[in-house]
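An overview of the molecular structure
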Amino acid sequence: METNLSIGKLAKAADVGVETVRYYQRRGLLETPSEADGIRRYSDDHVDRLRFIKRAQTVGFTLEEVADLLSLNDNRDHHVARQLASEKIQDIELRITRLGKMADALRQLVHECECGGEDMPCPIIRMSLE
């Protein structure tokens with residue numbers, strides 16, 4: 001485990017910005033190491049934690065949920081982590097269903113717009129005015 005990474009090298013290794021690292025530290029998601037010779041030194045564990053945070057966000061977890069997952073991992077409570085992931089899947093599937101209905105409604109409006117004549121009001125604009 002390397003423990004000699006500057007904040008810039010840490011950010012680069014985790015493919016995030018330095019301000020992201022600082023933000024996660026302020027949020028309590030990432031430990032701020034003590035200074036040695038006036039410089040904070042980070043380890044590979046910090047890189048792994050940053051990568052986990054980014055992956056969790058990519059699959060739809062909020063930073064609050066990421067904090068919960070990190071806490072659960074620290075306590076090795078995999079059952080609760082699995083439950084949170086299952087709930088996130090249900091939430092994503094519900095959003096997909098809603099987005100599908102929205103797309104269907106817009107398709108219908110586009111179809112009506114294509115079929116309407118120039119003398120009829122545009123259904124897309126009419127819908128937004130109602």
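Heads up: these notes are all about the structure in this document.

Definitions and limits used
Residues numbered from 1 in each chain as written. Predicted model: local features only at pLDDT ≥ 70, side-chain atom pairs only at ≥ 80, totals over all residues. Heavy atoms only, no water. Axes fitted to C-alpha atoms, helices over the stretch in contact; angles between N-to-C directions. Helix = DSSP H or I, 4+ residues; strand = E, 2+ residues; numbered from the N terminus. Parallel < 35°, antiparallel > 145°, perpendicular 65-115°, else oblique. Contact = heavy atoms within 4.5 Å. Nonpolar A, V, L, I, M, F, W, Y, C, P; charged D, E, K, R; others polar. Patch = residues over 30% accessible without salt bridge, like charges linked within 9 Å, V, L, I, M, F, W, Y side chains within 5 Å. Areas by Shrake-Rupley, 256 points an atom, 1.4 Å probe, with all protein chains shown as cover. Salt bridge = Lys/Arg side-chain N within 4 Å of Asp/Glu carboxyl O. Buried < 20%, exposed > 50% of the residue type's maximum accessible area, 1.4 Å probe, protein only.

1. Focus on the packing of helix α1 (residues 7–14) against helix α2 (residues 18–26)
It is the contact of α1 with α2, at a shortest axis distance of 8 Å, that shows an interaxial angle of 100°. Taken together, the axes of α1 and α2 are roughly perpendicular relative to one another. Along its contact with α1, which presents I7, G8, L10 and A11, the element α2 presents V18, V21 and R22. Its residues assigned to classes, the contact of α1 with α2 comprises five nonpolar, one polar and one charged.

2. Digging into a nonpolar patch on the surface
Where nonpolar side chains cluster on the molecular surface, the patch consists of V110, I124 and I125 and spans about 230 Å² of accessible area. A residue is classified by how much of its surface remains accessible, and I124, at 32% relative accessible area, is partly exposed.

3. Section: the pattern of salt bridges
With the rule as written, the count across this model stands at seven salt bridges. D91 serves as the salt-bridge partner of K88, at 4.0 Å between the closest nitrogen and oxygen. Within this pair, K88 and its partner D91 are both found in helix α5 (residues 78–115), separated by three residues, close to a single helical turn. Under the relative-accessibility criterion, K88 is labelled buried at 9%. With its nearest N and O atoms 2.7 Å apart, the salt bridge here joins R107 to D104.

Such coordinate-based values are descriptive only and should not be taken to indicate function.
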